[in-house]
Amino acid sequence: MYTYNQPVKILHGAGILEKLGEEAIQYGNKAFIVTGKTSAHKTGLIERVKEILLKSSIEYVIFNRAESNPLTTTAMIGAKVYKEEGCDFVLGIGGGSAMDCAKAIAFLTENEGDISDYIMGIKQGENAAPILLVTTTAGTGSEANSLAVLTNPENNDKKSLKHPSIYAKVSFVDPELMVTLPTRFIASCGFDAFTHCYEAFIANRSTPESAALALEGIEMIFENLVNVYHDPTDIQSFSKVAHANTLGGIAIDMSGVNLNHGLEHPVSGLLDASHGEGLAALFIPTFEYTKDKVREKLIKIGELITDKSATDDEKVESTCKKIKSILEEIDLNITLTDLGVKEKHINWLTENAFKTMNYAITNNPIIATHEDVKEIYKKCL
Ligand SMILES: [Fe+2]
């Protein structure tokens with residue numbers, strides 16, 4: 001049994017941000033803007049958003065404390081400020097970190113106590129303040145789903161809050177906002193989007209709906225990610241990568257991530273590493289570990305990039321080669337050592353993966369043991 005529910009109104013396209021005022025006014029006249037400390041300010045985006053809101057007579061409070069790998073404690077501070085300021089809705093602006101922080105703040109305005117209790121399933125939440133999101137990266141897919149990934153600074157547990165109340169009311173996916181990103185970001189975010197599509201496609205909990213969306217997303221990434229890495233001003237290609245990212249976000253909302261994400265969250269939780277880079281460092285060994293069990297899926301992916309005369313073996317081979325070549329071309333052929341992981345961390349990473357990401361490990365077509373996970377981490381050093 002499963003449910004298909006995609007309640008987010010997603011506005012996609014170059015220049016679509018101009019519609020923010022007319023959408024936002026439907027949720028009140030005081031916005032709580034959640035963003036990071038620098039990037040949205042540097043690009044002038046925050047100034048532009050302020051102007052758009054003021055044209056619709058919407059006041060705002062700016063909370064610019066969302067860090068990369070946002071902390072549970074930051075979200076709790078944000079919810080307190082939101083209530084003190086009497087805001088009507090949360091407006092998250094930025095990449096996955098800002099959007100996830102925004103979602104968590106919205107959730108905490110309606111649910112008392114420590115958000116970690118809701119993340120770990122100790123408490124069940126109810127409602128959240130209305131959420132609007134403006135994504136500035138083509139990675140995470142947070143604009144389209146009911147997930148918010150947070151790190152608890154007390155124990156470095158990095159885990160998703162998943163709750164229907166944190167679907168955005170409206171999300172803006174405007175590729176014009178993404179072209180100024182540093183290329184390293186474009187690569188890591190784009191690879192995150194790819195892994196969402198790939199993991200949802202092969203997941204034990206894959207559904208016909210999620211598989212269709214994920215496969216479409218994989219094709220868009222195959223055709224466009226390398227282009228935008230080399231030329232971020234290629235707005236048509238960026239639009240496709242952004243679209244793939246949204247599809248991946250929806251697909252993991254339905255079917256979940258699996259081994260690659262399951263092993264990555266402990267890495268970025270412990271070392272505050274880039275999520276996308278961690279996924280890249282772990283991808284090939286997790287892929288190789290699983291690939292024989294998902295041969296039919298790899299054939300389907302291979303059909304996207306081979307002609308009709310290709311044999312099934314050639315299709316599988318083409319899929320493997322294509323993914324490896326993308327990692328090379330976007331300069332993400334990296335190791336966990338590059339991200340600061342050392343052999344001494346492996347036991348902690350393994351235990352933490354089973355503690356916080358067991359749902360992802362068991363969503364992999366081959367369910368890894370503790371020993372398997374340790375071996376994979378070792379291979380990635
Ligand atoms: Fe991810």
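First, a word on scope: everything that follows refers to the structure included in this document. Since this is a predicted model, take the numbers as computed values, not measurements.

Within the protein one finds 16 helices and 8 strands. A burial count over the protein gives 58% of its 381 residues as buried. Put simply, the protein shows about 15200 Å² of open surface, and 49% of that area lies on carbon and sulfur atoms. Taken together, the 36 basic and 51 acidic charged side chains of the protein have centroids lying 2 Å from each other.

Moving on: unusual backbone geometry. Positive phi, normally seen in glycine, also occurs at N156, with a value near 65°. By the secondary structure assignment, N156 is in the loop between β6 (147-152) and β7 (157-162). Backbone geometry places D272, a non-glycine residue, at a positive phi of 55°. Taking the relative accessible area as the measure of exposure, D272 reaches 47% and is therefore partly exposed.

Take the packing of helix α7 (residues 183-202) against helix α8 (residues 208-230) next. Between two packed helices, both the angle of their axes relative to each other and the distance between the axes serve to describe the pair. For the pair α7 and α8, interaxial distance at closest approach is 8 Å and the crossing angle is 160°. One element, α7, and the other, α8, form an angle in the roughly antiparallel class. For the element pair α7 and α8, the recorded crossing hand is left-handed. Where α7 abuts α8, its residues T183, I186, A187, G190, F191, A193, F194, C197, Y198, A200 and F201 lie against S210, A211, A214, L215, G217, I218, I221, F222, L225, V228 and Y229.

Surrounding the iron ion are the protein donor atoms D192 (OD), H196 (NE2), H261 (NE2) and H275 (NE2), which sit 2.1 to 2.2 Å from the metal. Coordination at the iron ion is irregular, judged from the 4 donor atoms that bind it and the angles of 81 to 171° they form at the metal. Donor residues for the iron ion sit on one chain with the sequence pattern D-x3-H-x64-H-x13-H. Of this pair, D192 sits in helix α7 while H261 sits in helix α10 (residues 259-271); the two residues are 69 residues apart in sequence, bridging distant segments of the chain. Classification of D192 by relative accessible area gives buried; the value is 2%. The class for H261 is buried, based on a relative accessible area of 3%.

Scoring rules and cut-offs
- Residues numbered from 1 in each chain as written.
- Predicted model: local features only at pLDDT ≥ 70, side-chain atom pairs only at ≥ 80, totals over all residues.
- Heavy atoms only, no water.
- Helix = DSSP H or I, 4+ residues; strand = E, 2+ residues; numbered from the N terminus.
- Buried < 20%, exposed > 50% of the residue type's maximum accessible area, 1.4 Å probe, protein only.
- Areas by Shrake-Rupley, 256 points an atom, 1.4 Å probe, with all protein chains shown as cover.
- Lys, Arg positive; Asp, Glu negative; His and termini not counted.
- Charge placed at Lys NZ, Arg CZ, Asp CG, Glu CD.
- Axes fitted to C-alpha atoms, helices over the stretch in contact; angles between N-to-C directions.
- Parallel < 35°, antiparallel > 145°, perpendicular 65-115°, else oblique.
- Left-handed = near helix turned anticlockwise from the far one by under 90°.
- Contact = heavy atoms within 4.5 Å.
- Donors = N, O, S within 2.8 Å, 3.2 Å for Na, K, Ca; no water.
- Tetrahedral: all angles 85-135°; square planar, octahedral: opposite > 155°, others 65-115°.

On their own, these measurements won't tell you what the molecule is for.
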